[in-house]
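Listed here are the chains, written in short residue letters.
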Amino acid sequence: MRELRNIKGLHPRDLTGRQRLLLVFAGGVVTIVLVFTYVYYLGVHRLEGRDYSIFRAFQTVIETFTTTGYGADSPWETPAMNLLMVTIQVTGIAVGLVTLRVLVIPLYERTPINLDNRLTGKDDHVVVAEYGRDSEVLLDELEELGVDYVLVDTDLEEAKRLSDEGYQAIDGDPETRADLDRASIDRASLLITDTGDRTASVVLTALEANEDLRVISFTESTRRTEALAEIGVDRIVATHALIGRRLAEKATTPALLEPTGDESIAIREILVRHDSPLEGVALGDSPVAAHPDLTVVAGWFDGELRLSPAIDERLSANTVLVVAGPERAIDAVASELSSVSRSLPGAPDRIVVAGFGEGGTAAVDTLPDEASVTTVDADPSTEPDVVGDTTEPGVLRSAGIAEADALVVTVDDDATALMTVAMARSLTDDLEILARVTDAEKTSPAFRAGADYVLSAQRVSARLVASEAHGERVMDMASQIRLVRANGEPFAGKTVGQVRRETERGWTVVGASRDGAVHTNEETEIVAGDDVFVAGSDETIREFQREYDPSN
């Protein structure tokens, strides 16, 4: 009705389209009611022979329109009057529907929505203060792990859209104590901030309300790390640098196989691509884990290297399993799955890094000193080895792409990253390509372009914070995977399978050596005099040797 009042005194040309529609609608309803009143008045007098006033006829029409009843007028004797009443009834329904669409629904849509009313009770939850890396990716990760949360977004429309889709989201300014209180910040256990220059303000406001709060903050540059730590941030995530380090670690995490004479045990990687039969399968149900002669030493999950991963871990596209066992067995499984990565006798010697910004710099800093690294970037101010467009074949050739063992792509734009991958793959097949993309949806296109390993900044960031919120250990592993030979005496009387299942310490027994042959079947019983082959990281192998093989 406020809109109708606003119409009063306006010239027709000053009316908005909606105001003109309201005038037409109101005039139409009045006209229909008056016409039906007059026709009904005539019908009652001439056809029914009743003595009615025009006002009684008006009342009957209104009662019919509003379906409140007909009083003493019903029933009617003549067909014409019954037909008239049916017409009035149908018209009343039509007018009601139009009224709903023109007046009621728009007024309802304009009523402010209190998203707080959609929140469930919160305690020991996560408060996400803005998230600029695709909120749904993070919130899906939290929900998958069963982590309770509230997202506070300054964009009302974005908050409403997420709330309408079932997410726990409210609109508000995370710099304001009142809005953080709406998210029950005083009962939260973790704060995740992705607010750029406002991070310090948000964190300090939140810690004032809850001094026991753990805080994870995203930043575009590692230069802000010390300042954020100073104000109370527990973990600072510089996404580009994080991905750059992960790609470098993945490219240079070799498996060292100590000499074993004529015995042939290998460690190789099996990559789960987006079209692999392993995708979505639990590790324990995969043909790799089920093979009696093979041992899953480790796995790369969302850019994290996990030693001795759990058998219920689901394999997703881009998971890389590090498998140990006889070469013939690995080759057989790899041939069946048609998704084997390069073998891992050692780190690649020659690496090209495409993109020398924050991510590329972190990758170069992570690469071992003995590696030959060539950097490429279109921006000369970054001082790369080769200045030029990474999508140009001549630039990649100048960087030595034909002789390189690996290409690490850390350019900032996804389109440029995909083109760089495709161009590099067209120049050489004998190259491992590891790429970073921002959008999680670009992971599959990067594979199709020719990448061997792809990390999405959105997915890795979401997985990292979701894991921390869930209490999982997030590993930053750059150490080598090693395979060593040790005295099997401590395990005598047990089968290889029993030892594998009993030792969940980051190292695992691959097999037993006896009479010049290596027995990797999990049913093999270890006897006195056998040697065992043990795989793990540098750190876990040292722990194994201190406990079981102190002579080394």
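The structure displayed is predicted, hence computed values, not measured ones. (Residues numbered from 1 in each chain as written. Predicted model: local features only at pLDDT ≥ 70, side-chain atom pairs only at ≥ 80, totals over all residues. Heavy atoms only, no water.)

S.K.: How should the overall build of the chain be read in this particular structure?
M.R.: Within the chain, the regular secondary structure consists of 19 helices and 22 strands. Within the chain, counting contacts between residues at least 6 apart in sequence, those at least 24 apart form 65% of the total. (Helix = DSSP H or I, 4+ residues; strand = E, 2+ residues; numbered from the N terminus. Contact = heavy atoms within 4.5 Å.)

S.K.: Just checking my understanding: could you explain helix 8 (residues 199-209) for this structure?
M.R.: Since the α-helix turns once every 3.6 residues, residues separated by three or four places project in the same direction. What helix 8 keeps buried is the set Thr199, Val202, Val203, Thr205, Ala206, Leu207 and Ala209. Against strand 1 (126-129), helix 7 (177-182), strand 4 (190-193), strand 5 (214-219) and helix 9 (225-230) lie the buried residues of helix 8. (Buried < 20%, exposed > 50% of the residue type's maximum accessible area, 1.4 Å probe, protein only.)

S.K.: How should the pattern of salt bridges be read in this particular structure?
M.R.: Any two side chains of opposite charge can pair if their charged atoms end up close together. This structure, assessed with the given rule, holds 21 salt bridges. Here aspartate 116 ties to arginine 182 by a salt bridge, and the two come within 2.6 Å at their closest N and O atoms. Here aspartate 116, found in the loop between helix 4 (79-110) and strand 1, pairs with arginine 182, found in helix 7; they are 66 residues apart in sequence, far enough to count as distant. In this structure arginine 182 comes out as partly exposed when scored by relative accessible area, which is 27%. Arginine 118 is the partner of aspartate 164 in a salt bridge, and the nearest nitrogen-oxygen pair spans 2.6 Å. Of this pair, aspartate 164 sits in helix 6 (residues 156-164) while arginine 118 sits in the loop between helix 4 and strand 1, and the two are 46 residues apart along the sequence. Put simply, Asp116, Asp171, Asp179 and Arg182 are held in one network by salt bridges that share partners. (Salt bridge = Lys/Arg side-chain N within 4 Å of Asp/Glu carboxyl O.)

S.K.: Where do I start with the packing of helix 10 (residues 239-251) against helix 17 (residues 457-470) in this structure?
M.R.: For any two helices packed against each other, one specifies the inter-axial angle together with the distance between the axes. Running from N to C, helix 10 and helix 17 point in directions that differ by 95 degrees, and their axes come no closer than 10 Å. When the axis of helix 10 is compared with that of helix 17, the two are roughly perpendicular. Contact residues: helix 10 offers Thr239, Leu242, Ile243 and Arg246, while helix 17 offers Ala457, Val460, Ser461 and Leu464. Partitioned by chemical class, the residues of the contact of helix 10 with helix 17 number 5 nonpolar, 2 polar and 1 charged. (Axes fitted to C-alpha atoms, helices over the stretch in contact; angles between N-to-C directions. Parallel < 35°, antiparallel > 145°, perpendicular 65-115°, else oblique. Nonpolar A, V, L, I, M, F, W, Y, C, P; charged D, E, K, R; others polar.)

S.K.: Whenever I open this one, the pairing of strand 11 (residues 320-326) confuses me. Can you help?
M.R.: Within a regular beta strand, the side chains point alternately toward one face of the sheet and then the other, so they alternate between its two faces. Of all 7 residues that make up strand 11, 7 are buried, and the element is covered over most of its length. Pairing geometry for strand 8 (residues 265-271) and strand 11, over 7 bridges, is antiparallel. Note on strand 11: the bridge partner recorded for isoleucine 265 is proline 326. Bridge count for strand 9 (residues 295-301) against strand 11 is 5 bridges, and the pairing is antiparallel. Following the sheet pairing, valine 296 is matched in strand 11 by valine 323. (Pairing = 2+ DSSP bridges.)

S.K.: Can you walk me through the environment of alanine 406 in this structure?
M.R.: Residue placement: alanine 406 occurs in strand 16 (residues 406-409). A residue is classified by how much of its surface remains accessible, and alanine 406, at 0% relative accessible area, is buried. Distance in space between the C-alpha atoms of alanine 406 and aspartate 430 is 8.9 Å, their sequence separation being 24 residues.

S.K.: Teacher, can you tell me more about the environment of aspartate 171 here?
M.R.: In this fold, aspartate 171 is placed in strand 3 (residues 169-171). Aside from chain neighbours lying at most four places away, what touches aspartate 171 is Leu115, Asp153, Leu156, Ala159 and Arg182.

S.K.: What exactly am I supposed to notice about the packing of aromatic side chains here?
M.R.: Any pair of aromatic rings gets described here by the distance separating the centres and the angle formed by the planes. Inspection of the entire model under this criterion finds 2 aromatic pairs. Ring plane angle 80 degrees and centroid distance 5.7 Å describe the contact between tyrosine 131 and phenylalanine 218, whose orientation is recorded as edge-to-face. Of this pair, tyrosine 131 sits in the loop between strand 1 and helix 5 (135-144) while phenylalanine 218 sits in strand 5; the two residues are 87 residues apart in sequence, bridging distant segments of the chain. The same class applies to tyrosine 131 and to phenylalanine 218, which are both buried. On the numbers, 6.4 Å between centres and 10 degrees between planes, the contact of phenylalanine 491 with phenylalanine 544 is stacked. Here phenylalanine 544 lies in helix 19 (residues 538-548) and phenylalanine 491 lies in the loop between strand 19 (481-487) and helix 18 (496-502), a separation of 53 residues in the sequence. We classify phenylalanine 491 as buried; its relative accessible area is 4%. (Phe/Tyr/Trp six-rings, centres within 6.5 Å; stacked < 30°, edge-to-face > 60°.)

S.K.: Would you mind going over a negative patch on the surface with me for this structure?
M.R.: A cluster of acidic side chains, namely Asp134, Asp140, Glu143, Glu144 and Glu441, defines a negative patch on the protein surface. Mapping glutamate 143 onto the fold places it in helix 5. Residue classification places glutamate 143 among the partly exposed residues on the basis of a relative accessible area of 40%. (Patch = residues over 30% accessible without salt bridge, like charges linked within 9 Å, V, L, I, M, F, W, Y side chains within 5 Å. Areas by Shrake-Rupley, 256 points an atom, 1.4 Å probe, with all protein chains shown as cover. Lys, Arg positive; Asp, Glu negative; His and termini not counted. Charge placed at Lys NZ, Arg CZ, Asp CG, Glu CD.)

S.K.: Would you take a moment to explain unusual backbone geometry for this structure?
M.R.: A positive phi angle, near 65 degrees, is found at glutamate 130, a position not held by glycine. For glutamate 130, the location among the structural elements is in the loop between strand 1 and helix 5. For glutamate 383, which is not a glycine, the phi torsion comes out positive at approximately 60 degrees. The topology assignment puts glutamate 383 in the loop between strand 14 (372-377) and strand 15 (386-387). Take glutamate 383: its relative accessible area is 65%, and that puts it in the exposed class.

S.K.: Mind showing me how you'd approach the sheet that holds strand 5 here?
M.R.: In any sheet, the strands associate via hydrogen bonds between backbone groups, in a parallel or an antiparallel arrangement. Judged by pairing direction, the sheet is parallel, and its 6 strands sit side by side in the order 3-2-1-4-5-6 without closing on themselves. With one partner strand each, in any of the chains shown, strand 3 and strand 6 (235-238) form the two edges of the open sheet. If you compare each strand with its neighbour and ignore which way they point, the axes differ by 20 degrees on average. Pairing of strand 4 with strand 5, which is carried by 4 bridges, proceeds in the parallel orientation. Looking at the pairing, threonine 193 lines up with serine 217 of strand 5. Sitting on the sheet, helix 5 is in contact with strand 1 and strand 2 (149-153), with an inclination near 165 degrees to strand 2.

S.K.: Whenever I open this one, the packing of helix 5 against helix 17 confuses me. Can you help?
M.R.: One can describe the packing of helix 5 onto helix 17 by two numbers: an axis separation of 9 Å at closest approach and a directional angle of 35 degrees. Two packed elements cross with a definite hand, and for helix 5 against helix 17 that hand is right-handed. Together, Val137, Leu138, Glu141 and Leu142 of helix 5 and Gln458, Arg459, Ala462, Arg463, Val465, Ala466 and Ala469 of helix 17 make up the contact between the two elements. Taken together, the residues of the contact of helix 5 with helix 17 sort by class into 7 nonpolar, 1 polar and 3 charged. (Left-handed = near helix turned anticlockwise from the far one by under 90°.)

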